[in-house]
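# Commentary on secondary and tertiary structure
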Amino acid sequence: MPTNSKHPETIVLHGSYRSDPSTNAVAVPIYQTTSYQFNSPEHAANLFALKELGNIYTRIMNPTCAVLEERLTQLEGGAAALALGSGQAASLFAIQNICHAGDNFVSSTDLYGGTWNLFLNTMKTMGIEARFADPADPESFRRLTDARTRCYYAETLPNPKLRVFPIAEVAKIGRELGVPLIVDNTAAPVLCRPFDHGAAVVMHSTTKYIGGHGTSIGGILIDGGNFDWEKHAARFPMLTRPDPSYHGAVWTEAVKPLGPIAYIIKARVTLLRDVGAAMSPFNAFMFLQGLETLPLRMRVHCENAAAAANHLAAHPKVSNVIYPGLMTGEAKRRADAHLKRGYGGLLGFELKGGREAGRRFIENLKMLYHVANIGDARSLAIHPATTTHSQLSPEEQAKTGVTDGYVRLSIGLEHIEDILADIDQALAKV
Ligand code: PLP
């Protein structure tokens, strides 16, 4: 029997799968197939009519992806999930599933740059308006909400500012107004479970900590099954009124026999069917491999990052260290309220020497990789002012928290002495 454990360490190894029903294989097989034979014409008709759940075509579902979906659902404490081809696809689907042209949503300003671009520019071309709220002021979400606001969106632990989002406060405002909060939990898997704080939907770029080894791009969208779409029916016509793209199905009614998972079923059988941003079974296998050691890895990421943050805070060439564990006041209170098992593997620091110092630090690293990624087992570094944030004006850069001398580190699993030695030798050349 798969596990009912509440402990992440057990869920990642035993959640939802014991062995392959046809071969008894213990490792989850890679079902590298496009399609699945129907047992009979009636079976086929029932699958298409959603009277029975089963495999039809890998663009829409796959048994390897299904184990990943179920395990991550259990890890996050949700109801059901949908694996997708990238984190970007998961962010897009999260919003587009309930928003169409003329609608709006309110997003935290503290976002991954790719998400920012998707929301501000690409979604605008679809007629969907992103309104940006300051996460330091949760009430700003309420002020930006109107009758066409379909959801709120935020990241648990957004970089570069690394100020934990007030999930509970904004989710509460949303539940008063009938607006679900969608949380990108990419930077804090295991450390935070956004559903425990009132979020309605969680997404991850599985590319980062869940994969953990920098090999595969993927994303996941998880339905908390905890939002009453029917109670706020006027706000969610895409779930509560007949859907012309699925012979007039009303999702909240059609899916009721399967549980409170109308949101995620609709995403699978309409958006994924039409857009095709599916996760490959091979990548699902890679994510399952990574997932098995995720709690263990997160523990070491947190320990090493905390040690590196303390070390940098005492360094004469560093003016400021940005790490949740070193924050004070409201930012620290929020970090402590949401991050139960450590402050994460990401940290930032500012060099007194500004832009040129940042450039020279990166240039002189010997072990840390210079890459645009986070959450790898290896330690990574980037100088946002000359890379990820270089397209922004100086004013826009400042708003994101990036200064000229800012360096972001994603601390990996190497021995801490080697991580600090590489940082120190690069700092000596700044
Ligand atoms: N969300 C966060 C917080 C990210 O850091 C990233 C990627 O860097 C994404 C989403 C997008 O994920 P992907 O690169 O898998 O599309």
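Below is a short write-up of the structure. (Residues numbered from 1 in each chain as written. Predicted model: local features only at pLDDT ≥ 70, side-chain atom pairs only at ≥ 80, totals over all residues. Heavy atoms only, no water.)

Within the chain, the secondary structure is distributed over 16 helices and 12 strands. Each of the 430 residues in the chain was classed as buried or not, and the buried ones make up 55%. As presented, the chain carries roughly 17,700 Å² of accessible surface, and 55% of it is formed by carbon and sulfur atoms. One finds the centroid of the 41 positive side-chain charges in the chain at a distance of 2 Å from the centroid of its 41 negative side-chain charges. (Helix = DSSP H or I, 4+ residues; strand = E, 2+ residues; numbered from the N terminus. Buried < 20%, exposed > 50% of the residue type's maximum accessible area, 1.4 Å probe, protein only. Areas by Shrake-Rupley, 256 points an atom, 1.4 Å probe, with all protein chains shown as cover. Lys, Arg positive; Asp, Glu negative; His and termini not counted. Charge placed at Lys NZ, Arg CZ, Asp CG, Glu CD.)

Quick look at the packing of helix 7 (residues 167-177) against helix 13 (residues 329-338) now. Running from amino to carboxyl end, helix 7 crosses helix 13 at an angle of 80°, the nearest separation of the two axes being 10 Å. If you check the angle between helix 7 and helix 13, you find them roughly perpendicular. Counted together, I167, A168 and E169 of helix 7 and E330, R333, R334 and H338 of helix 13 form the full contact between these two elements. Here the residues of the contact of helix 7 with helix 13 sort into two nonpolar, one polar and four charged. (Axes fitted to C-alpha atoms, helices over the stretch in contact; angles between N-to-C directions. Parallel < 35°, antiparallel > 145°, perpendicular 65-115°, else oblique. Contact = heavy atoms within 4.5 Å. Nonpolar A, V, L, I, M, F, W, Y, C, P; charged D, E, K, R; others polar.)

As a further point, take the site of the ligand. Near the ligand you find 13 residues, and of these G87, D184, S205, T207 and K208 are the closest. Within the contact set of the ligand, a nitrogen atom lies 2.7 Å away from a side-chain nitrogen or oxygen of D184. Contact with the protein chains removes 90% of the 390 Å² of surface that the ligand exposes when unbound. Because more than half of its atoms lie within 2 Å of the grid, the ligand is assigned to the largest pocket. Residues of the shell around the ligand, tallied by class, amount to three nonpolar, seven polar and three charged. (Near = heavy atom within 4 Å. Polar contact = N/O pair within 3.5 Å; in protein donor to acceptor, adjacent residues only side chain to side chain. 1 Å grid on protein atoms, 1.4 Å probe; cavity = no way out; pocket = protein on both sides within 12 Å on 5 of 7 lines; lining within 4 Å. Sits in = over half its atoms within 2 Å of the grid points.)

Counted by the stated rule, this structure contains one cavity of 30 Å³ or more. In terms of lining, the largest cavity is formed by T58, I60, M61, N62, C65, E69, L82, A83, R268, L272, A278 and M279. Among the secondary structure elements, those contributing two or more residues to the lining of the largest cavity are helix 3 (63-76), strand 1 (80-84) and helix 10 (262-275). (Points joined across faces, edges and corners; volume = space filled by probe spheres on them.)

Further remarks concern the sheet that holds strand 9 (residues 346-351). Strands pair in a sheet through their backbones, by hydrogen bonds, and they do so in one of two ways: parallel or antiparallel. In spatial order, the strands read 8-9-12-11-10; together these five strands make up an open sheet with mixed pairing. Looking at the sheet topology across the chains shown, the edges are occupied by strand 8 (318-322) and strand 10 (369-370). The pairing of strand 8 with strand 9 spans four bridges and is antiparallel. Among the inter-strand pairings, I322 is bridged to a residue of strand 9, identified as G348. Across the sheet, helix 12 (residues 294-313) lies against strand 8, strand 9 and strand 12 (406-410), angled at about 10° from strand 9, the strand it touches most. (Pairing = 2+ DSSP bridges.)

Tallied over the full model, the rule gives 23 salt bridges. For E69, the salt bridge is made with R268, and the minimal N-O distance between the two is 3.0 Å. Note that E69 is positioned in helix 3 and R268 in helix 10, a separation of 199 residues in sequence. Each member of the pair, E69 as well as R268, is classed as buried. Between D103 and R148 there is a salt bridge, and its shortest N-O distance comes to 2.7 Å. Note that D103 is positioned in the loop between helix 4 (87-96) and strand 2 (104-108) and R148 in the loop between helix 6 (139-143) and strand 4 (149-155), a separation of 45 residues in sequence. With a relative accessible area of 1%, D103 lands in the buried category. For R148, a relative accessible area of 35% gives the class partly exposed. Residues joined by salt bridges that share partners form a network here, namely E139, R142, K172 and E176. (Salt bridge = Lys/Arg side-chain N within 4 Å of Asp/Glu carboxyl O.)

Evaluation of the coordinates by the stated rule reveals 13 aromatic pairs. Summarising the aromatic geometry, the rings of F227 and W229 are spaced 4.7 Å apart at their centres and angled 55° between planes, so their arrangement reads as tilted. An identical accessibility class is assigned to F227 and W229; each is buried. Pairing F227 with F236 gives two aromatic rings, centres 5.8 Å apart and planes at 90°, and the pair type is edge-to-face. What makes F236 buried here is its relative accessible area of 0%. Linked through ring pairs, F227, W229, F236 and Y263 together constitute an aromatic cluster. (Phe/Tyr/Trp six-rings, centres within 6.5 Å; stacked < 30°, edge-to-face > 60°.)

Turning to the pairing of strand 5 (residues 181-184), a few remarks are in order. Residues L181 and V183 line one face of strand 5 and the alternating positions I182 and D184 line the opposite face, and both faces are buried. Handedness of the crossover is the feature at issue here: the chain leaves strand 4, passes through helix 7, returns alongside strand 5, and the resulting connection is right-handed. (Right-handed = clockwise from strand over helix to strand, strands pointing away.)

Right, let's talk about the pairing of strand 12 for a bit. The element strand 12 is largely enclosed, with a buried count of five among its five residues. Here strand 9 runs beside strand 12; their pairing, made up of five bridges, is antiparallel. In the sheet register, F349 faces strand 12, and the bridge partner there is V407. In this sheet, strand 12 lies alongside strand 11 (residues 380-382) in antiparallel orientation, the contact comprising three bridges. From the neighbouring strand, L380 faces strand 12, where its bridge partner is S410.

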